[in-house]
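Residues per chain, in single letters:
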Amino acid sequence: MADNDAPRYEFKSVQTVRGMEARTKAKWEEEGWEFVEQNQELLRTKLSFRRVKPKLPLKLVGAGAGLLLILAIVGIVVGVSHGGGGAAAPTASASNAAAIATTQPSSSPSKAQTTATSVPSAGKQNLTVQNNADLAALLAAPEPSSKQIQDFATKYQGRAIEFDANVADVAQHDNYKMIYDMLVIAGDYSTTHQVGPAFQFNGVSMFDLHLASTGLPLVKTGENVHLVAQVEDYNATQNLFFLKPISTTIR
């Protein structure tokens, strides 16, 4: 087979919780990805996939090359028409630009607005297994489906949930020494048993955990804790349910 005819691949890596590998493989294989390998860690598994990149039709390749040529010629003509050594006239004065900036609404919310909307609504009771049937069912499920987790995350986004949990894994976040990604599982710590979703505190420090104790102990893998945390979102690709810690008590 000639080099030009050899298939070209795109690659994807997915992390999943130990025991969920078969379901994760099936999900991505249904979407056309070919399983390559997996790397097993203590409680997480990294799965690698690939699939053949679609070839671009020759007609489109030729059309693209022609378009690039036309754009290059236009650029040369425009450059010549503005030549002569003189500076190009500004399209708008500084005062006009300032006026536009002050009157045009921002396309994205400010940091202060984003922070305000992420705070749990005042006066709402924390969701617990005693007062919320959805949370009780989610935390008791040995292997909750992606739909069950997604439905809960969507319905209760921004609300505070409270439950007994354990720290299943602590890893440095992007090689920062004092910032961590913490994998949190419902119930007491175990290396062989898991119920409920794989929760994660993503990119947090020990201060962010708001520990209900004196000093600042280092929360370690295997620690049993009582958590109050805000529901953020669920990433089906990673099979991770992201939470924001509100308070942490070591049990």
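Here goes a summary of the coordinates provided. (Residues numbered from 1 in each chain as written. Predicted model: local features only at pLDDT ≥ 70, side-chain atom pairs only at ≥ 80, totals over all residues. Heavy atoms only, no water.)

1. Remarks on the packing of helix 5 (residues 133-140) against helix 6 (residues 146-155)
Packing of helix 5 against helix 6 leaves a shortest axis separation of 11 Å and a crossing angle of 145°. At the point where helix 5 passes helix 6, the crossing takes the left-handed sense. Where helix 5 abuts helix 6, its residues D134, L135, A137 and L138 lie against Q148, I149, F152 and K155. Grouping the constituent residues of the contact of helix 5 with helix 6 by class yields five nonpolar, one polar and two charged. (Axes fitted to C-alpha atoms, helices over the stretch in contact; angles between N-to-C directions. Helix = DSSP H or I, 4+ residues; strand = E, 2+ residues; numbered from the N terminus. Left-handed = near helix turned anticlockwise from the far one by under 90°. Contact = heavy atoms within 4.5 Å. Nonpolar A, V, L, I, M, F, W, Y, C, P; charged D, E, K, R; others polar.)

2. Describing the pattern of salt bridges
Overall, the coordinates contain seven salt bridges when judged by the stated rule. A salt bridge links D134 to K155, with the nearest nitrogen and oxygen atoms 3.0 Å apart. Remark: K155 occurs in helix 6 and D134 occurs in helix 5; sequence separation between them is 21 residues. A residue is classified by how much of its surface remains accessible, and D134, at 34% relative accessible area, is partly exposed. Among the salt bridges present, the one from R251 reaches D164, with a minimum N-O distance of 3.7 Å. With a gap of 87 residues between them, R251 in the segment after strand 8 (240-250) and D164 in strand 4 (residues 160-172) connect regions that are remote in the sequence. For D164, a relative accessible area of 38% gives the class partly exposed. (Salt bridge = Lys/Arg side-chain N within 4 Å of Asp/Glu carboxyl O. Buried < 20%, exposed > 50% of the residue type's maximum accessible area, 1.4 Å probe, protein only.)

These values are about where atoms sit, not about what they do.
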